[in-house]
Amino acid sequence: MNDAAPDSPPIRFDTKIAVLLRDDLETWQRLNVTAFLVSGLGTRLPEVIGESYEDADGVPYLPMFRQPVLVFEGGKEMLTAAHARVLSRALPCAVFTSDLFATGNDRDNRAAVRAVPTGELDLVGLALYGPKNGVDKVLKGARMHP
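Predicted model only: the values in this text are computed from it and were never measured.

Asker: Give a detailed account of the environment of Thr-34, specifying residues and quantitative values.
Answerer: Note that Thr-34 resides in helix 1 (residues 27–44). Residue classification places Thr-34 among the buried residues on the basis of a relative accessible area of 18%. Spatially, the C-alpha atom of Thr-34 lies 9.0 Å from that of Phe-96, the residues being 62 residues apart in sequence. In contact with Thr-34, not counting residues within four places along its chain, are Val-19 and Leu-21. A polar atom in the side chain of Thr-34 sits 2.8 Å from the backbone oxygen of Arg-30.

Written as structure tokens, this is what we have:
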């Protein structure tokens, strides 16, 4: 393993991974939406994934994001505005709509999103990745999830 010395300065990132959740979701929905949303980032953006883990006995574990995921919340209007801003900035994002709570598989999920025009998506969450300042501008007005 290539671990840094304990006295090494902290690693700083010029990018940000963020999730924005609608503030009227049930707890189980928040967790489910967050898990689904962030799964999309690592599949298209390999630079967000760190190295594999290994415990002291040499048992290997899957790699995870190399940086923290910040979770925010806001109202329906906030998600609509953030979605428009993320699209205008061409930042990579994943979306979760309210329709996906009624589906049970990936094919039906994709069909549910495909059936609705961009401006009419009933967004309950989105995940995005990009330069810190760009992500901050997309999330302007959102608050950190409690």
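So much for the structure itself; the text now carries on.
Asker: Run through the packing of aromatic side chains, naming residues and quoting values.
Answerer: Taken as a whole, this structure holds three aromatic pairs when the rule is applied. With a centroid separation of 5.2 Å and an interplanar angle of 50°, the aromatic rings of Phe-96 and Phe-101 are classed as tilted. One aromatic cluster is present, built from ring pairs that chain together Trp-28, Phe-36, Phe-96 and Phe-101.

Asker: Provide a residue-level description of the environment of Gly-134, including the pertinent values.
Answerer: Mapped onto the secondary structure, Gly-134 falls in helix 4 (residues 132–138). Separated by 118 residues in sequence, Gly-134 and Lys-16 place their C-alpha atoms 8.9 Å apart. Leave out the neighbours within four places in its chain, and Gly-134 touches Arg-89 and Leu-91.

Here is what the cut-offs are and how they apply
- Residues numbered from 1 in each chain as written.
- Predicted model: local features only at pLDDT ≥ 70, side-chain atom pairs only at ≥ 80, totals over all residues.
- Heavy atoms only, no water.
- Helix = DSSP H or I, 4+ residues; strand = E, 2+ residues; numbered from the N terminus.
- Buried < 20%, exposed > 50% of the residue type's maximum accessible area, 1.4 Å probe, protein only.
- Contact = heavy atoms within 4.5 Å.
- Polar contact = N/O pair within 3.5 Å; in protein donor to acceptor, adjacent residues only side chain to side chain.
- Phe/Tyr/Trp six-rings, centres within 6.5 Å; stacked < 30°, edge-to-face > 60°.

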